[in-house]
Amino acid sequence: MKHNFSVVPVLLSKEPSLSYKMALGFLKIGLARLKPRFDFNYNHFKDLGLIYFKLTPLCNLHCKMCGQYGDRGCMKGGAAEAAKTIVPLERYKQIIDEIAPRRPVTYIWGGEPFLYPDLLPLGKHIVDKGLFFSVNTNGMFLEQHAEQIVRDKWSCIFVSLDAFKDVNDAMRGKGSYERVVRGIEAIKREKERQKSNHPFVGIVTTVTNANYANLEEFVAATKSFDIDIHMFNLGTYTNDAIVDRQKKLMKEKLNTNTDFLSCYNTGYNKNIDTRKLYDILQTIHNSNFGDPPLKSARITVPALNPEKIGIYYNDLETPVRDHCIVPWCQANINYNGDVHFCADYPDYILGNIKDQSFKEIYNGERANIFRKTINACEGGMFPGCLRCYQNMLFGKKIKGF
Ligand SMILES: C[S@@+](CC[C@H](N)C(=O)[O-])C[C@H]1O[C@@H](n2cnc3c(N)ncnc32)[C@H](O)[C@@H]1O
Ligand code: SF4
Ligand code: SF4
């Protein structure tokens, strides 16, 4: 996909201090490929470039394609009970203090992160420690917290919106478009009022068969929002055959049950006119919709060659990226403190931050067994990795794709 690299000059031109922190994390991720693959005595902790915190299992929306609360969602029903196990603020602060010297980018998500009772004090602590603090939110609570978000100098907010008005609301809930847009506008007003470049504001759009035909209209509508990045995530999908293969392999090699992958067998990849989708994405990437240069960047994840978009959606068993790098530079902390490499598929647990330091877990035996196992697999990945979002972002590009 053309112009994916435009994000670098856009962000640099807006706020170099934030761009620097982000670039540092991504540099470490790039370098992770050169590090030892399964030396059990190696200090992987020092290579940590990105850490995800899934703060809460709760969500106020039920977006249809969502692997957690959607049609096939894994968290439907059990979220209220699960929320009783969340990690207290004080423990998160200790973990932040422990990891801060490694300068990882932090990425907060959920559920809906604004339903974690102490999101704002946690954010302030992370910013005060000098780390890049980014939050992926459904945007429904932005308006009421805009003043403090800007005052506390959050680094980046990624707001999820999937289309213009009714098409968005059909997937994400009635009235959500207008409310989220009010939140984005409130942040813009506060940035102007407080004369601040913090935070960067991005929109994340998950592309499915329900919204792809509507994307150009949506991008034109976002012109007035003053966003810095618009990310088009081609979506996470799987099928029964892949799930079966993953279950077998995880049981055999890691003695782990695979419970989460099947929640992404949503069918929202089906019946997409992929030639048309490619044309739409090209138009979006190539047109500035009347905006000045460097006003905002648009990126598609994964960036694919034109003729391969059909494979991405219709042939889920053909890899488009391989050699997952995540276990060598990233981690996800789940709402209950469990640490995992795979953010969307929290089956294999490395340890729990309520009981151990992060470094102990990250350099621990279970982490190293996972590293050794995936490294020995064909293409450096498991069957379940085929459309994993982390692998789409950071996996090795396969020739031709
Ligand atoms: C699971 S949500 C959690 C954060 C917050 N609740 C939100 O919606 O932004 C994280 C991101 O995943 C996206 N998402 C939801 N379902 C997805 C799917 N099936 N494939 C890929 N991304 C998906 C959401 O739109 C959102 O941008
Ligand atoms: S708001 Fe986020 S977590 Fe909640 S259902 Fe929608 S995509 Fe899923
Ligand atoms: S690519 Fe596979 S191993 Fe890597 S994070 Fe995704 S699911 Fe986990």
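The model shown is predicted, which means the values in this text are computed figures rather than measured ones. (Residues numbered from 1 in each chain as written. Chains lettered and ligands numbered in written order. Predicted model: local features only at pLDDT ≥ 70, side-chain atom pairs only at ≥ 80, totals over all residues.)

A. Examining unusual backbone geometry more closely. A cis geometry characterises the amide bond from His198 onward to Pro199, with omega recorded as -10°. Here the residue pair Val301 and Pro302 is connected by a cis peptide bond, since its omega of -5° sits within 30 degrees of zero. A positive phi angle, near 55°, is found at Arg103, a position not held by glycine. Topologically, Arg103 is positioned in the loop between α4 (89-99) and β2 (105-109). With 16 C-beta atoms counted inside 10 Å, the residue Arg103 sits in the partly exposed group. Even without glycine at this site, Lys165 takes up a positive phi of about 35°. By secondary structure assignment, the location of Lys165 is in helix α7 (residues 165-172). Overall, the presence of 15 C-beta atoms within 10 Å leaves Lys165 in the partly exposed class. (Helix = DSSP H or I, 4+ residues; strand = E, 2+ residues; numbered from the N terminus. Buried ≥ 20, exposed ≤ 12 C-beta atoms within 10 Å, placed from the backbone.)

B. Main features of the site of ligand 2. Inspection of the region around ligand 2 gives Cys59, Leu61, His62, Cys63, Cys66, Gln68, Tyr69, Gly110, Gly111, Glu112, Asn138 and Ser160 as its neighbouring residues. The residue makeup of the shell around ligand 2, split by class, is five nonpolar, six polar and one charged. (Near = placed C-beta within 6 Å. Nonpolar A, V, L, I, M, F, W, Y, C, P; charged D, E, K, R; others polar.)

C. The environment of Val301, seen in detail. When you line up the elements, Val301 lands in strand β7 (residues 297-301). With 170 residues separating them in the primary sequence, Val301 and Leu131 have C-alpha atoms 24 Å apart.

D. Spatial organisation of the site of ligand 3. As a structural note, the neighbourhood of ligand 3 is formed by 13 residues, with Cys324, Cys342, Cys385, Cys388 and Asn391 the closest of them. Residues that form the shell around ligand 3 fall into these classes: ten nonpolar, three polar and no charged.

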